[in-house]
Amino acid sequence: MADRVLLSSAQMASFVARGFLRFDAAVPEDINQQFLDEVGRAPQRGESVRKAYAKLLSASGIPAVPAGTPLAQAYPKQSAITRMLELPVVQGAIESLVGPNPTFDHHFLHVTFPPEFYEARGLPNVSQHTHQDSTIDPRRAFDVQIMYYPHDVTREMGGTRFVPGTHLRLVSEAAVARYQNIRGQQHVVCPAGTLLFLHHGIWHGGGVNRSDRLRYMFKIRINPTVRQQRLWDTSDLLNDHHRQRPIFLIKEAPDPNSVHTILTTPEPWFEADTGRLEYLNRVRMWRYLLGDDRFDADYWLTRIENEPTASTHA
Amino acid sequence: MQRPEAFAILRGLMKRQKVLVLYLADSALDSNVIAWAQYDGTAKSEHMAGDAEEPPYASGLAALRDGWRLLQIAPLQAHAPGSEFTTSYLKYECLFEQWVDVDG
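Residues numbered from 1 in each chain as written. Chains lettered and ligands numbered in written order. Predicted model: local features only at pLDDT ≥ 70, side-chain atom pairs only at ≥ 80, totals over all residues.

Tallying secondary structure elements over chain A gives nine helices and nine strands in all. For chain A, whose C-alpha radius of gyration is 22 Å, the value lies close to the compact-globule estimate of 20 Å for 314 residues. Taking the principal axes of the C-alpha coordinates as reference, chain A spans close to 85 × 45 × 35 Å. Taking all 314 residues of chain A together, the buried fraction comes to 39%. Residue pairs in contact within chain A that sit at least 24 positions apart in sequence constitute 86% of those at least 6 positions apart. (Helix = DSSP H or I, 4+ residues; strand = E, 2+ residues; numbered from the N terminus. Rg over C-alpha atoms; globule rule 2.2 N^0.38 Å. Buried ≥ 20, exposed ≤ 12 C-beta atoms within 10 Å, placed from the backbone. Contact = placed C-beta atoms within 7 Å.)

As structure tokens, this is what we get:
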């Protein structure tokens with residue numbers, strides 16, 4: 001097995017700021033094909049979506065795994081999922097984000113059916129409401145959800161919709177369903193073998209499938225078993241990582257690869273005031289990952305933490 | 001009941017509500033739309049999550065000027081001690097409606 005490829009500091013900072021990392025066509029075609037073979041037969045036209053789903057899940061070679069199982073023990077050795085998880089880029093991303101020996105939380109095979117499955121039964125074929133998985137989760141530690149797309153996904157097939165930068169918002173699952181569209185939302189249109197690594201809090205939903213093919217997406221949620229601190233390749237962290245830079249009145253364009261820039265880049269949906277709170281919360285998450293509360297980006301936390309105690313009076 | 005009143009009631013029954021929800025960048029009604037949702041009681045159009053990349057109006061004011069009636073605008077609320085930096089739901093929600101005639 002080749003050595004794992006840990007994430008860089010810029011990739012980690014991007015995950016902190018935006019809540020996702022995307023690796024296009026990271027899984028080789030033979031593993032994708034093996035995965036689809038293990039999923040089993042495609043449902044027949046005319047079946048109800050509910051029955052087709054139940055049959056597919058029960059007949060597929062994907063095992064039912066108890067929550068809390070070590071990830072390394074969750075899948076058969078030569079299965080497509082084990083082979084995917086052992087890819088150097090996947091091992092490296094997992095170890096960088098949640099550390100070695102993560103715990104398996106749950107997995108699910110998401111299947112989005114073409115219109116004819118709904119039309120035959122007179123049911124509406126609609127996209128999934130926007131939601132945040134699980135429930136209100138105020139932890140600083142975070143879980144990661146791996147989304148695996150084993151075949152090409154076109155825009156017509158819907159794709160997973162997600163909103164970069166929403167992961168640090170404390171909301172209650174489907175309470176955000178009213179937000180039909182949010183500026184900056186992305187639709188996962190991708191080549192076969194693409195992987196998304198998502199922070200557990202990111203807002204997302206399944207897109208409506210208007211093609212004539214089924215769309216598959218396999219999701220695995222994993223939990224850390226160690227403190228998430230400096231688990232990535234920190235060799236690119238600069239010595240002046242803590243140094244502040246000029247803000248507001250600046251003479252040159254900021255370096256787009258600087259951690260400071262990445263943590264203070266807004267998303268298109270940011271509100272004028274709470275967008276600044278997003279910066280604060282990103283900096284707090286970066287401090288947590290560094291294990292160093294001295295870090296700040298563009299003075300956002302330093303300013304409001306400044307409460308001098310020195311007195312001019314004797 | 002007089003005949004004109006009866007006609008007015010019947011006309012009312014022939015109307016359906018359209019609802020537009022705009023989320024703005026700040027509390028001013030003329031600030032930019034950052035998120036939106038539409039529900040059409042006439043069933044002449046269908047809207048769903050992820051169906052558009054650009055909002056139907058650039059601002060709340062633009063919706064007003066196109067004939068939408070503002071029903072509700074999010075109040076400004078003090079920040080609860082201890083939660084000043086917590087972000088959660090979009091803050092600046094504006095609810096609009098239109099009443100539209102439908103064919104008998």
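Here we come to the sheet that holds strand E7 (residues 194-199) of chain A. Residue and element names in this part refer to chain A. Spatial ordering of the open sheet is given by E1-E7-E3-E9-E2, a layout of five strands whose pairing is antiparallel. Two strands bound the open sheet, and with one partner strand each, they are strand E1 (20-23) and strand E2 (103-112). Within the sheet, the average angular offset between the axes of one strand and its neighbour, ignoring direction, is 15°. By the bridge criterion, four bridges tie E1 to E7 in an arrangement that is antiparallel. The residue of E7 that forms the bridge with Phe23 is Leu195. In the packing of helix H1 (residues 9-18) onto the sheet, contacts are made with E1 and E7, and the angle to E1 comes to roughly 125°. (Pairing = 2+ DSSP bridges. Axes fitted to C-alpha atoms, helices over the stretch in contact; angles between N-to-C directions.)

With that out of the way, let us pick up the domain arrangement of chain A. Quoted interface sizes are often the accessible area lost when the parts come together. Residues and elements named next belong to chain A. Per the domain assignment, the segments making up chain A are domain 1 (9-223) and domain 2 (237-305). For domain 1 and domain 2, the distance between their C-alpha centroids amounts to 30 Å. Counting residues at the interface gives 15 residues for domain 1 and 16 residues for domain 2. Top element by residues in the side of domain 1 that touches domain 2 is H1. It accounts for seven residues. Tallied by class, residues from the side of domain 1 that touches domain 2 come to nine nonpolar, four polar and two charged. (Domains from an automatic or database assignment. Nonpolar A, V, L, I, M, F, W, Y, C, P; charged D, E, K, R; others polar.)

So, on to the nonpolar core. One finds Val16, Tyr148, Phe197 and Leu263 of chain A together with Leu22 and Tyr23 of chain B to be the most contacted residues of the largest nonpolar core, which totals 87 residues. Once residues within four sequence positions are removed from consideration, Leu22 of chain B is found in contact with Val33, Trp36, Tyr57, Gly60, Ala63, Cys94 and Phe96 of chain B. (Core = buried A, V, L, I, M, F, W, Y, C linked by C-beta atoms within 7 Å.)

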